[in-house]
Amino acid sequence: MPEQFLHGVEVIQVDDGIRPIRIAKSSAIGFAGTAPDAPEGFPRNEPVLIKGPRDAAQLGSGGTLKDAYMAAYQNGASEVVVSLVPEGSSAAETMANVVGDPTAGTGVWALQNAGNKLDIVPRINAAPGFTTGLPADGVNPVVSNLITIGDNTRAIVVKDGPNTTEEDAKLDRQNYGSDRLLIVDPAVRVFDTDSAAYTTRPNSGYIAGLIAKRDVEKGFWWSPSNQVIRGISGTARPVSFHLSSSATEANRMNEAEVATIVRRNGFRLWGNRSTSADAQWAFLSVRRTADIIYESIEQAHLWAMDRPMSAQLIMDIRDGVQAMGQQLINSGALLGFNCWLDPELNTETTLKSGKLYIDFDFEPPAPLEHLIFRAHRNGTYYDELISDVSAAA
């Protein structure tokens, strides 16, 4: 800065130093669905934040959205972004409305605009009532579009299985190949207060709420598997399960990368795996941990853009990222983290063009999926028995 004459004292603020990186929020839920009883003034095909049951009441009892919200609410989620889609004159037309148009931002695509309009990015998306189907139906278009949105916004998708048979559930999984997709089968049984009777409903609203609750209570790196699902009275069909047997329906579906719901001290979500074809990203919690790390780093560095290159700037960025990684290690979200500059990438030509490469590695903890105890016979304990008897005599 140019010199200027001053006979006195001044303070010059220097803003070098590490910036704390805030961890991105992972527990926001996004639902797309119908609510024909909602008032005319309620926005259609736009992201709307529902903050509690009183807000949800305006959705009315018809359609799918209120039931989906209450399912999530019973499992610990309170704030949910919804996209209310008009019902069509037929089931196929309604499905088309839910799929929506990415250009117009309608249907499920309204959830992608939540960040701009509400400053909330849903990371757990579903469309209860519109994501099931038989394997022969092929890829569900709502699910396919939700996966694309998930790729754009780093969100996962909860899909309802066919709710028919074990074989259908496993065949349905073969229609998909995304590390962002969790398929859960079968549907659930709940008590409906309007009809005062038990009814069958999609599980995805309940599972989305369970994941959000787990994020808040423990952290995004914790698997939602083996957690009791609130608000349900059972499953639409019984699922055989034994903790130490592979010859059960629950285990066979988990092996086929389909999560399920088992009865053991309550009804629990059982299954850790997405539909990824890459074994490195098989566990849903690992995918989500990577997403939150990437999102947190990107969001935290707006301050650094367009500043002149300097050693101080580069060190501040590198050290800030390393500090975030250490924080995640301390909290148990990561096993290890390291951040560094690669001189082979950061050449004179690269730096002159305004590009800076900073590398980091990390490793999320995999969920304990298979615990093995090894039992051994040891006859020498008989010798100790005789010695104890002899000593007592």
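The structure displayed is predicted, hence computed values, not measured ones.

Novice: Would you mind showing me how to read the nonpolar core here?
Specialist: Core analysis: the largest hydrophobic core is formed by 39 residues, its most contacted members being Ile-29 and Phe-31. Ranked by the residues each element gives to this core, the list is headed by helix H7 (residues 204-217), at 6 residues. In terms of nonpolar packing, the next biggest core, distinct from the first, is built from 30 residues, Val-81, Trp-109, Tyr-176 and Leu-181 among them.

Novice: What's the story with the pairing of strand E7 (residues 188-192) in this structure? I'm lost.
Specialist: Where burial is concerned, the two faces of E7 differ: the one with Val-188, Val-190 and Asp-192 is buried and the one with Arg-189 and Phe-191 is not. Bridge analysis of E7 against strand E8 (residues 197-201) gives 5 bridges, and the strand direction is antiparallel. Note on E8: the bridge partner recorded for Phe-191 is Tyr-198. Where E7 folds back onto E8 in an antiparallel hairpin, the turn is made up of 4 residues, including Ala-196, whose phi is positive at roughly 55 degrees.

Novice: Help me out: how do you make sense of the side chain of Arg-201 in this one?
Specialist: Within the element layout of this structure, Arg-201 appears in strand E8. On the basis of relative accessibility, which here comes to 17%, the residue Arg-201 falls in the buried class. A polar contact is formed between the side chain of Arg-201 and the side chain of Asp-192, at a distance of 2.6 Å. The residues contacting Arg-201, other than those within four sequence positions of it, are Asp-67, Ala-187, Val-188, Val-190, Asp-192 and Tyr-206.

Novice: Sorry, what's going on with the pattern of salt bridges here?
Specialist: Where charged atoms of side chains with opposite charge meet at close range, the side chains can pair. One pass over the full model with this rule turns up 20 salt bridges. Among the ionic pairs, Arg-180 bridges to Asp-151, the shortest N-O distance being 3.1 Å. One end of the pair, Arg-180, is in the loop between helix H6 (166-173) and strand E6 (181-184); the other, Asp-151, is in helix H5 (residues 141-153), with 29 residues separating them in the sequence. On the basis of relative accessible area, Arg-180 is assigned to the buried category, the value being 6%. Residue Arg-154 is joined to Glu-298 by a salt bridge in which the shortest nitrogen-to-oxygen separation is 2.9 Å. Linking Arg-154 in the loop between H5 and strand E5 (156-160) with Glu-298 in helix H9 (residues 284-299), this pair joins segments that are 144 residues apart in sequence.

Novice: Explain the packing of aromatic side chains here, please?
Specialist: Pairs of aromatic rings are described using the distance from one ring centre to the other and the angle between the two planes. Evaluation of the coordinates by the stated rule reveals 8 aromatic pairs. Aromatic side chains Phe-220 and Trp-221 sit 5.0 Å apart centroid to centroid with 85 degrees between the ring planes, which places their arrangement in the edge-to-face category. Residues Phe-220 and Trp-221 agree in their burial class; the two are buried. Chaining the aromatic ring pairs together yields one cluster made of Tyr-294, Phe-337, Phe-360 and Phe-362. Against the face of Trp-222 rests Lys-218, its NZ or CZ located 5.0 Å from the ring centre. Across from the ring centre of Trp-281, 4.4 Å away, lies the NZ or CZ of Arg-287, which sits over that ring.

Novice: What should I look at first to understand unusual backbone geometry in this one?
Specialist: Generally, phi is negative for residues other than glycine and the peptide bonds are trans, each holding for most cases. At the junction of Asp-185 and Pro-186, the peptide bond is cis and its omega measures out at 10 degrees in the coordinates. Examined against the element boundaries, Pro-186 turns out to sit in the loop between E6 and E7. Its identity as a non-glycine residue notwithstanding, Asp-119 has a phi of 60 degrees, on the positive side. Secondary-structure assignment places Asp-119 in the loop between helix H4 (114-118) and strand E4 (124-126). Unlike most non-glycine residues, Asp-306 shows phi in positive territory, near 75 degrees. Of note, Asp-306 is situated in the loop between H9 and helix H10 (311-331).

What counts and what doesn't
- Residues numbered from 1 in each chain as written.
- Predicted model: local features only at pLDDT ≥ 70, side-chain atom pairs only at ≥ 80, totals over all residues.
- Heavy atoms only, no water.
- Core = buried A, V, L, I, M, F, W, Y, C linked by side-chain atoms within 4.5 Å.
- Buried < 20%, exposed > 50% of the residue type's maximum accessible area, 1.4 Å probe, protein only.
- Helix = DSSP H or I, 4+ residues; strand = E, 2+ residues; numbered from the N terminus.
- Pairing = 2+ DSSP bridges.
- Polar contact = N/O pair within 3.5 Å; in protein donor to acceptor, adjacent residues only side chain to side chain.
- Contact = heavy atoms within 4.5 Å.
- Salt bridge = Lys/Arg side-chain N within 4 Å of Asp/Glu carboxyl O.
- Phe/Tyr/Trp six-rings, centres within 6.5 Å; stacked < 30°, edge-to-face > 60°.
- Lys NZ or Arg CZ within 6 Å of the ring centre and 35° of its normal.

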